[in-house]
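Read off the chains here:
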Amino acid sequence: MTRAVLSIGSNVGDSLAHLRSVVDALGDRLVSASAVYSSEPWGGVEQQDFLNAILIVDDAARGPWEWLDFARACETAADRVRVQRWGPRSLDVDIVVCDHVSSDDPELLLPHPRAHERAFVLVPWLDVDPAATLEVDGTARPVTEWLAALGADERAGVRRTDMTLDTPESA
Ligand SMILES: Nc1ncnc2c1ncn2[C@@H]1O[C@H](COP(=O)(O)O)[C@@H](O)[C@H]1O
Ligand SMILES: Nc1nc2c(c(=O)[nH]1)N=C(COP(=O)(O)OP(=O)(O)O)CN2
């Protein structure tokens, strides 16, 4: 079993459709999906708000590198163009954690080194796994604690919407 937590986000084009395209590509490898959240841009670049969600995925045949290939393929299919770090994008798929794998390869950092700083990751993650824990610099803490450590403004910038990731294919 290889279980991973994917963070998906978009603020260019039909963002909901871009997020749903990941759900369609996963098929029965999707275990659960959070609600869709609207979130203020993280990282200091002035741009439109994002739509964000978290997916729990599972596939015995895929390890972390295969999940990275999957992430890149989804981004390419959404015509993702890399212009500016932390800037606008049609689709971003990040691997937050994959089983208990640690990696310091810059091409695949696990757990994702900035996940604990991002309410747009932590809030939807708690939707699908309220008991989730996240290791940062060797210290595992509940995601609830990482979230509490963020500023109130940061948390308030992530708002649940009534959009869902359900698609005809995923029904
Ligand atoms: N955990 C990771 N998930 C996705 N991409 C990762 C991870 N660790 C390193 N990377 C590398 O980051 C860039 C892509 O960055 P984005 O702007 O988030 O698309 C790529 O080189 C990945 O190999
Ligand atoms: N609210 C919000 N802000 C964002 C979002 C996002 O999805 N939602 N993605 C970003 C892109 O970050 P990226 O994945 O390129 O950064 P990383 O390489 O540090 O993960 C930058 N800022």
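What you see is a predicted model; the values in this text were computed from it and never measured. (Residues numbered from 1 in each chain as written. Chains lettered and ligands numbered in written order. Predicted model: local features only at pLDDT ≥ 70, side-chain atom pairs only at ≥ 80, totals over all residues. Heavy atoms only, no water.)

Asks: When you look at the packing of aromatic side chains in this model, what are you seeing that I'm missing?
Replies: Any two aromatic rings considered together are summarised by their centre-to-centre distance and by the angle between their planes. Scanning the model with the defined rule gives 2 aromatic pairs in all. Each ring, one from Trp42 and one from Trp86, has its centre 4.8 Å from the other, and the planes form 75°; the classification is edge-to-face. Of this pair, Trp42 sits in the loop between β3 (37-39) and β4 (50-58) while Trp86 is found in the loop between α2 (64-77) and β5 (92-98), placing the two residues 44 residues apart along the sequence. Over the ring of Trp67 we find Arg62, and its NZ or CZ is 4.9 Å from the ring centre. Stacked on the ring of Trp146, the Lys or Arg Arg141 has its end atom at 4.4 Å from the ring centre. (Phe/Tyr/Trp six-rings, centres within 6.5 Å; stacked < 30°, edge-to-face > 60°. Helix = DSSP H or I, 4+ residues; strand = E, 2+ residues; numbered from the N terminus. Lys NZ or Arg CZ within 6 Å of the ring centre and 35° of its normal.)

Asks: It is not clear to me how the confidence of the model for the chain should be interpreted in this structure. Could you clarify?
Replies: Do not read the fine detail of predicted coordinates wherever pLDDT is low. Counting all residues, the mean pLDDT for the chain is 94, and 96% of those residues have values of 70 or more. Taken over the whole predicted complex, pTM reads 0.96, whereas the ipTM for its chain interfaces reads 0.96. (pLDDT = per-residue confidence, 0-100.)

Asks: Which parts of the structure should I look at to understand helix α1 (residues 15-26)?
Replies: Quick reminder: α-helices carry 3.6 residues per turn. Residues three or four places apart thus point the same way. Taking 1.5 Å as the rise per residue, α1 with 12 residues should run 16 Å; its terminal C-alpha atoms sit 17 Å apart, in good agreement. Residues of α1 that are buried: Ser15, Leu16, His18, Leu19, Val22, Val23 and Leu26. Residues of α1 that are buried in the fold lie against β1 (3-10), β2 (30-33), β4, α2 and β5. Phi turns positive, to about 55°, at Gly27, one or two residues after α1. (Expected span 1.5 Å × (residues − 1). Buried < 20%, exposed > 50% of the residue type's maximum accessible area, 1.4 Å probe, protein only. Contact = heavy atoms within 4.5 Å.)

Asks: So what exactly am I meant to see when it comes to the nonpolar core here?
Replies: In globular proteins that are soluble, nonpolar side chains generally tend to be buried together. Ranked by size, the top nonpolar core spans 26 residues in total, and within it Val22, Leu55 and Leu165 carry the most contacts. Counting residues per element, the ones that place at least two in this core are β1, α1, β4, α2, β5 and β7 (108-110). Other than its neighbours up to four places away in sequence, Val22 contacts Ile8, Leu55, Phe70, Cys74, Leu91 and Val93. Membership of the second largest hydrophobic core comes to 24 residues, among which are Ile54, Trp125, Leu150 and Val158. (Core = buried A, V, L, I, M, F, W, Y, C linked by side-chain atoms within 4.5 Å.)

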